Amino acid sequence: MTDIPYFKIAVVAVFVASTVYVHFRGRVRLKFFRQLTDHSTFMAPINCFMYLFSKLPAKPYLPVSGFPELQLLQDHWQDIRAEAYKLAAAGEIKKSDKYNDAGFNSFFKTGWTRFHLKWYGDAHASAKTLCPVTTELLQRIPTVKAAMFAALPPGGRLVTHRDPFAGSVRYHLGLVTPNADSCYISVDGERYAWRDGEGVIFDETYLHYAENQSDQMRIILFCDVERPLNNPLARWVNRFISHTLIRAASAPNADTDKTGGINKAFAYVQQVRLFGKRIKARSRFAYYAIQWVLFGGLLLWWLWP
């Protein structure tokens, strides 16, 4: 083991240190074994780089006033809501009927649905046709990298999770809400209840979940907004990752929309995930033992001289 190149040890040390920081960042944390296999572990070095050069305070919620460009959406929220109403009535805010939305696939089983407006590039073709006002407004705000209408039905709930990439922060604009504290999002243990026409910004790399305990549907405009960074190299890295890795997770609403490479591959990856879930249902010990063998094998392969 003394012959292991120092750079390999350094890479492992960076991953370990970054993961520890991500794990203890904030007050709410994943359990140890879940943290080991969570995507936030694999993205930890990149995300810590984003945090290092972030202009924003390390807080779950951020002042909307710090993003004045979003006032355009706030000023036109009723126009945006009118298009969301039409989409909802037509059944277009829906879950995917295929394995082509890797980023949000796990949310569909608890009732959450969406209609993608744009994803790290131009607006979706279907969105331009069905939501011309909203897509035109979004295209006037370059810092909005992705947007969608997201609906949560009565009794719907999103499990506790982190989003994978710290290159953005999340903006929610209430469009159709119960206007009640029973419909809320909790970010790092702090709750916010949506209200019609009101916006909120939060750091989606803190652990968060959402719940609609009311008897009314909730529909919001959901946006990824580029994280302000204080270093030109960091901004370049952020945009490079956004326009390569994150852009590849584009999911379609209809056949006229493009499907990113990650989602093209997701149908095959999902078969492996489903196989893993079947093993976990039969034996949690076997499931985690396989994970430990795989990760241990990768670590030994990397460290082997």
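Please refer to the structure placed before this passage.
Residues numbered from 1 in each chain as written. Predicted model: local features only at pLDDT ≥ 70, side-chain atom pairs only at ≥ 80, totals over all residues. Heavy atoms only, no water.

Chemist: Teacher, can you tell me more about the overall build of the protein here?
Modeler: Scanning the protein from terminus to terminus reveals 11 helices and 10 strands. In terms of C-alpha radius of gyration, the protein reaches 20 Å, essentially the compact-globule figure of 19 Å for 305 residues. Seen through its C-alpha atoms, the protein measures out along the principal axes to roughly 65 × 50 × 40 Å. Burial statistics for the protein: of 305 residues in total, 48% are counted as buried. Contacts spanning at least 24 positions in sequence make up 75% of the contacts within the protein whose residues lie at least 6 apart. By element, 63% of the accessible surface of the protein is carried by carbon and sulfur atoms, the whole surface being about 15600 Å². (Helix = DSSP H or I, 4+ residues; strand = E, 2+ residues; numbered from the N terminus. Rg over C-alpha atoms; globule rule 2.2 N^0.38 Å. Buried < 20%, exposed > 50% of the residue type's maximum accessible area, 1.4 Å probe, protein only. Contact = heavy atoms within 4.5 Å. Areas by Shrake-Rupley, 256 points an atom, 1.4 Å probe, with all protein chains shown as cover.)

Chemist: Teacher, can you tell me more about the sheet that holds strand 3 (residues 144-152) here?
Modeler: With respect to topology, 6 strands assemble into an open sheet ordered 1-8-5-10-3-2, the strand pairing being antiparallel. Unpaired on one side and paired on the other, strand 1 (61-62) and strand 2 (113-119) mark the two borders of the sheet. Of the pairings in the sheet, the one linking strand 3 to strand 10 (residues 218-226) comprises 8 bridges and is antiparallel in character. Considered in strand 10, the bridge of Ala146 is made with Asp224. (Pairing = 2+ DSSP bridges.)

Chemist: What is the right way to look at the sheet that holds strand 9 (residues 208-212) in this model?
Modeler: If you walk across this open sheet you meet the 4 strands as 4-9-6-7, and the pairing is antiparallel. Only two strands of the sheet have a single neighbouring strand rather than two, namely strand 4 (157-161) and strand 7 (190-193). Averaged over all adjacent pairs, the angle separating strand axes in this sheet is 20°, with direction ignored. Pairing of strand 6 (residues 183-187) with strand 7, which is carried by 4 bridges, proceeds in the antiparallel orientation. By the bridge assignment, Ile185 is partnered in strand 7 with Tyr192. (Axes fitted to C-alpha atoms, helices over the stretch in contact; angles between N-to-C directions.)

Chemist: How should I be thinking about unusual backbone geometry in this particular structure?
Modeler: One can expect most non-glycine residues to show negative phi and most peptide bonds to be in trans. In this structure, Asn179 takes a positive phi of about 55° despite not being glycine. Structurally, the position occupied by Asn179 is in the loop between strand 5 (168-176) and strand 6. Here Asp188, not a glycine, exhibits a phi torsion of approximately 50°, which is positive. Summarising the element assignment, Asp188 is placed in the loop between strand 6 and strand 7.

Chemist: Just checking my understanding: could you explain the nonpolar core for this structure?
Modeler: Side chains of a nonpolar character, in soluble globular proteins, are inclined to be buried together. Ranked by size, the top nonpolar core spans 37 residues in total, and within it Tyr61, Phe104, Trp112, Trp119, Ile185 and Trp194 carry the most contacts. Secondary-structure elements contributing two or more residues to this core are helix 4 (44-52), strand 3, strand 6, strand 8 (199-202), strand 10 and helix 9 (232-246). The residues contacting Trp194, other than those within four sequence positions of it, are His172, Thr177, Asn179, Ala180, Cys183, Tyr184, Ile185, Ala210, Arg218 and Ile220. Counting residues in hydrophobic clusters, the runner-up holds 32 residues, among them Ala127, Val169, Leu173 and Ile201. (Core = buried A, V, L, I, M, F, W, Y, C linked by side-chain atoms within 4.5 Å.)

Chemist: Explain a nonpolar patch on the surface here, please?
Modeler: On the surface, Phe32, Phe33, Leu36 and Trp292 cluster together into a nonpolar patch covering about 430 Å² of accessible area. Counting residues per element, the nonpolar patch draws most heavily on helix 2 (residues 32-37), at 3 residues. Along the chain, Leu36 turns up in helix 2. The class for Leu36 is partly exposed, based on a relative accessible area of 32%. (Patch = residues over 30% accessible without salt bridge, like charges linked within 9 Å, V, L, I, M, F, W, Y side chains within 5 Å. Salt bridge = Lys/Arg side-chain N within 4 Å of Asp/Glu carboxyl O.)

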